[in-house]
Amino acid sequence: MADTGPPIAAIAAALQQERRRVGLSLAEVSRRAGIAKSTLSQLESGTGNPSLETLWALSVTLDVPFSRLVEPAKQSVRLIRAGEGPRFASDRADYSATLLASSPPNARRDIYLVSADVGEPRRSDPHSPGVVEHVVLSAGRALVGPVGEAVELFPGDYVAYPGDVLHIFEAMEAKTMAVMITEHS
């Protein structure tokens, strides 16, 4: 299985474009996102290696879907083989998300393939207001949803919950996999 990391050049260009769009300085974006200014500078110059948490914080700060920061240029037919695609690892849990499809201009949803292993759960800070996450578990077993209201999922189970509150994805079996759709209002 090929481990394709984040598309650094696409991230650099998107961060610069979105930061300029909202008219914020490097210092102000880094302050609002809770990341070091040097980290943002490295990302914008294409030399950083962002974690999932850093990119989520930046997407919330810039009020754009996560995919807008990481998606390379579109193709007419897009095939992503298993184990390929832009993969983002958590720096807090054995959890990664591979962006499968981003939202087209007039829609606001992104599709991810999530893989996680038993260990520290992936705790996600609240996303932008109105975000809803949809999860279909495809393998393993997981506890998914808002902290305090998470539900146990088995293969084939589906859950939808508000993504604009603190939420978790906790693998309860090795090699747990799910499809997650984030819906932006």
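Residues numbered from 1 in each chain as written. Predicted model: local features only at pLDDT ≥ 70, side-chain atom pairs only at ≥ 80, totals over all residues. Heavy atoms only, no water.

Peer 1: Before we move on, can you summarise a nonpolar patch on the surface with the specific residues and values?
Peer 2: A grouping of V136, Y158 and V179 is seen on the molecular surface, where their side chains present a nonpolar patch of about 250 Å² in accessible area. The class for V136 is partly exposed, based on a relative accessible area of 35%. (Patch = residues over 30% accessible without salt bridge, like charges linked within 9 Å, V, L, I, M, F, W, Y side chains within 5 Å. Areas by Shrake-Rupley, 256 points an atom, 1.4 Å probe, with all protein chains shown as cover. Salt bridge = Lys/Arg side-chain N within 4 Å of Asp/Glu carboxyl O. Buried < 20%, exposed > 50% of the residue type's maximum accessible area, 1.4 Å probe, protein only.)

Peer 1: An account of the pattern of salt bridges is needed here, citing residue identities and associated values.
Peer 2: This model, assessed by the stated rule, comprises nine salt bridges. Among the salt bridges present, the one from R32 reaches E28, with a minimum N-O distance of 2.7 Å. With R32 and E28 both in helix α2 (residues 26–33) and four residues apart, the pair spans about one turn of that helix. Relative accessible area serves as the criterion here: at 48%, R32 is assigned to the partly exposed category. Here E120 ties to R123 by a salt bridge, and the two come within 2.9 Å at their closest N and O atoms. Shared partners join several salt bridges into a network, and the residues in it are E28, R31 and R32. (Helix = DSSP H or I, 4+ residues; strand = E, 2+ residues; numbered from the N terminus.)

Peer 1: Let's hear about the sheet that holds strand β9 (residues 167–171): which residues, and what values?
Peer 2: Read across the open sheet, the four strands follow the order β4-β9-β6-β7; overall the sheet is antiparallel. The two strands at the open ends of the sheet, each matched to only one other strand, are β4 (122–124) and β7 (151–153). Sheet twist, expressed as the average angle between the axes of neighbouring strands with direction ignored, equals 20°. Sheet topology places β4 next to β9; three bridges connect them, and they run antiparallel. If you follow R123 over to β9, its bridge partner there is I168. (Pairing = 2+ DSSP bridges. Axes fitted to C-alpha atoms, helices over the stretch in contact; angles between N-to-C directions.)

Peer 1: Quick one: what's the story with the packing of aromatic side chains, residue by residue and with numbers?
Peer 2: Applying the stated criterion to the full structure yields five aromatic pairs. Ring centres of F66 and F88 lie 5.3 Å apart, and the angle between their planes is 85°; this geometry places the pair in the edge-to-face category. Taken together, the residues F66 in helix α5 (residues 66–70) and F88 in strand β1 (residues 87–89) connect sequence positions 22 residues apart. Residue F88 is classed as buried on the basis of its relative accessible area of 0%. Members of the aromatic cluster, each reached through a chain of ring pairs, are W56, F66, F88 and Y112. (Phe/Tyr/Trp six-rings, centres within 6.5 Å; stacked < 30°, edge-to-face > 60°.)

Peer 1: Can you tell me about the packing of α2 against helix α4 (residues 52–62), naming the residues and giving the values?
Peer 2: Where α2 contacts α4, the axes come no closer than 9 Å and their chain directions differ by 110°. With respect to α4, the axis of α2 lies roughly perpendicular. Between α2 and α4 lies a crossing of right-handed hand. Residues V29, R32 and A33 of α2 pack against A57, L58, T61 and L62 of α4. A class-by-class count of the residues in the contact of α2 with α4 yields five nonpolar, one polar and one charged. (Parallel < 35°, antiparallel > 145°, perpendicular 65-115°, else oblique. Left-handed = near helix turned anticlockwise from the far one by under 90°. Contact = heavy atoms within 4.5 Å. Nonpolar A, V, L, I, M, F, W, Y, C, P; charged D, E, K, R; others polar.)

Peer 1: Residue-level account of helix α1 (residues 8–22), with values.
Peer 2: A rise of 1.5 Å per residue sets the reference length of α1, with its 15 residues, at 21 Å; its end C-alpha atoms lie 21 Å apart and thus fit the reference within 8%. For α1, the full list of buried residues reads I11, A12, A14, L15, E18 and R19. Its buried side turned inward, α1 meets α2, α3 (37–45), α4, α5 and β1. Positioned one or two residues after α1, G23 has a phi angle of 70°, which is positive. (Expected span 1.5 Å × (residues − 1).)

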